[in-house]
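Observations on the three-dimensional arrangement
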Number of protein chains: 2
Amino acid sequence: MPAGFEIDDLPAAEIDRQAELYGPFTDAVRELVDATVRTTVDDDEVRAVQAEVEALTARLRASQLPGSYGVRIGAEGRGRPWGNAVVGLRNPVAPPLRPVPDPDEPGRVTCDFHLGAAYEGPPTLVHGGVLALVLDQVLGEAAGAGGRPGMTGTLTLTYRRPTPLGDLRTEAWIERTEGHKTWARGHVVGPDGVTVEAEGVFILPRWARALVDERERRAASEVGD
Amino acid sequence: MPAGFEIDDLPAAEIDRQAELYGPFTDAVRELVDATVRTTVDDDEVRAVQAEVEALTARLRASQLPGSYGVRIGAEGRGRPWGNAVVGLRNPVAPPLRPVPDPDEPGRVTCDFHLGAAYEGPPTLVHGGVLALVLDQVLGEAAGAGGRPGMTGTLTLTYRRPTPLGDLRTEAWIERTEGHKTWARGHVVGPDGVTVEAEGVFILPRWARALVDERERRAASEVGD
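Since this is a predicted model, take the numbers as computed values, not measurements.

Quick look at the overall build of chain A
Helices and strands together make up the secondary structure of chain A, namely four helices and nine strands. For chain A, the α and β elements follow one another from N to C terminus as β-α-α-β-β-β-β-α-β-β-β-β-α. Across its three principal directions, the C-alpha atoms of chain A cover 75 × 45 × 25 Å. Taking all 225 residues of chain A together, 47% fall into the buried category. Nonlocal contacts in chain A, meaning residues at least 24 apart in sequence, comprise 61% of its contacts between residues at least 6 apart.

Next up, the structure:
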């Protein structure tokens, strides 16, 4: 595996405990981010809050990772991309999204989510690039849910109508696969219907190919038994 | 103008004063976001910091905008998109980028920027969707620098190689214009060269067309004089 993946073999109970600690903590910082964009308190209060924020940052930095969070892999083999900019449990930039695989349709994922003031582009509207960010992630998760996770090769977005800030929904699904490539499609739905459509090609990284090929050979031979 | 634009006629000196207040404040919250992703302090300290963050949020929310920041327009006519998710001076989600129009080539913008732990996708790498977010913004600014700002119509991204977190550069320029549409292209450059290429179509919103058409008629008639 390349840099940034770490097999820490954490048991499920410890992962749950960490999620219960860091989830609410990160949510609190997300609220602070929203309040930072929207506050109208007076200048002295802004300066006073700034000094306290700086003190809190120093306390958190008293012990910290040298770089980014990466992906940790627990005892049951599931990855924790907790620093991820879209789904990261520990990342205040992430809304975060929680894409759910469709139990009836492998390779389809859906997600209800909310975007507030920190995701603005044109006034009152979601930034077009934030929609691209969301769709890159959920199309990638659809590819992964179909058994072939990958890095984005190409991504094409077609904007149908403005997307208002607020409650939104996204869906993504696999169109087809060919070797190590997966073609996925998806969209974001706002209060008046689909606002943006996306299609992308996701390519299984070279280092992961042997692992996936082996798993598929084993699955095929089990079917043959 | 549609909702969210507000002509507040602030004089330049007052805009500078606000930028000097909110710029460092928002930078402080960005540092807290980075520390939130990376901290390894013990659980009690995380809980203690969380309680203080919640108290600071309450102080900021004592007086706040009902919704997002939008775009304010000062006395000299320049817009302030301070809540914008890529360039917003008051938005901790924004890295922020400061795209600079090329003085020698109208419609070309460049920008050096830095992406840290909060912008991660694959371990140690920038999220592919964050690159789409950056490119949507700078291609849009190129269109605007050419005199025809617009909403994104389509955006296509081609990922050439992984983009490491750290110092990066982006450039965008206008390919051609036709009526109210502008075709723009651009890329992100990492330490080993171009990592992702983008092309997009930006469409001047209906409400802005009369304004731009009038400005161009006037400019053409001045040339004719």
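Once you've had a look at it, read on.
Re the domain arrangement of chain A
Residues and elements named next belong to chain A. Partitioning chain A into structural domains gives domain 1 (1-96) and domain 2 (97-212). A separation of 23 Å is found between the C-alpha centroids of domain 1 and domain 2. Tallying the contact residues gives eleven residues for domain 1 and twelve residues for domain 2. Split into classes, the residues belonging to the side of domain 1 that touches domain 2 amount to nine nonpolar, no polar and two charged.

Description of the sheet that holds strand E3 (residues 79-80) of chain A
Residues and elements named next belong to chain A. The strand order across the open sheet formed by three strands is E1-E2-E3, and the pairing between neighbours is mixed. Of all the strands in the sheet, just strand E1 (5-7) and E3 have a single pairing partner and so form its edges. Where strand E2 (residues 71-73) and E3 come together, two bridges link them in antiparallel fashion. Residue pairing for E3: Arg-72 is matched across the bridge by Arg-80.

Digging into the interface of chain A and chain B
Contacts between chain A and chain B engage 76 residues on the former and 76 residues on the latter. The set of elements that each furnish at least two residues to the side of chain A that touches chain B consists of helix H1 (12-38), helix H2 (43-61), helix H3 (128-145) and strand E6 (151-159) of chain A. Taken together, the five bridges between E6(A) and strand E6 (residues 151-159) of chain B define a ladder with antiparallel strand orientation. By the bridge assignment for E6(B), A:Leu155 is matched with B:Leu157.

Re the sheet that holds strand E2 (residues 71-73) of chain B
Strand order in the open sheet formed by three strands is E1-E2-E3 (chain B), and the pairing between neighbours is mixed. Unpaired on one side and paired on the other, strand E1 (5-7) and strand E3 (79-80) of chain B mark the two borders of the sheet.

A few points about helix H3 (residues 128-145) of chain B
Residues and elements named next belong to chain B. The terminal C-alpha atoms of H3 lie 26 Å apart, and with 18 residues this matches the ideal 26 Å at 1.5 Å per residue to within 8%. The element H3 is largely enclosed, with a buried count of 18 among its 18 residues. The positive-phi residue at the C-terminal boundary of H3 is Gly-147, with phi of around 100°.

Brief notes about the pairing of strand E7 (residues 166-178) of chain B
Residue and element names in this part refer to chain B. In this sheet, E7 lies alongside strand E5 (residues 108-115) in antiparallel orientation, the contact comprising eight bridges. Bridge pairing in E7 links Arg-108 to Trp-173. Between the antiparallel neighbours E7 and strand E8 (residues 181-190) lie two residues, among them Gly-179 with a positive phi of about 60°.

Some words on the pairing of E6(B)
Bridge count for E6(B) against strand E9 (residues 193-203) of chain B is eight bridges, and the pairing is antiparallel. Within E9(B), the residue paired with B:Thr158 across the bridge is B:Glu197.

Thresholds, definitions, all that
- Residues numbered from 1 in each chain as written.
- Chains lettered and ligands numbered in written order.
- Predicted model: local features only at pLDDT ≥ 70, side-chain atom pairs only at ≥ 80, totals over all residues.
- Helix = DSSP H or I, 4+ residues; strand = E, 2+ residues; numbered from the N terminus.
- Buried ≥ 20, exposed ≤ 12 C-beta atoms within 10 Å, placed from the backbone.
- Contact = placed C-beta atoms within 7 Å.
- Domains from an automatic or database assignment.
- Nonpolar A, V, L, I, M, F, W, Y, C, P; charged D, E, K, R; others polar.
- Pairing = 2+ DSSP bridges.
- Expected span 1.5 Å × (residues − 1).

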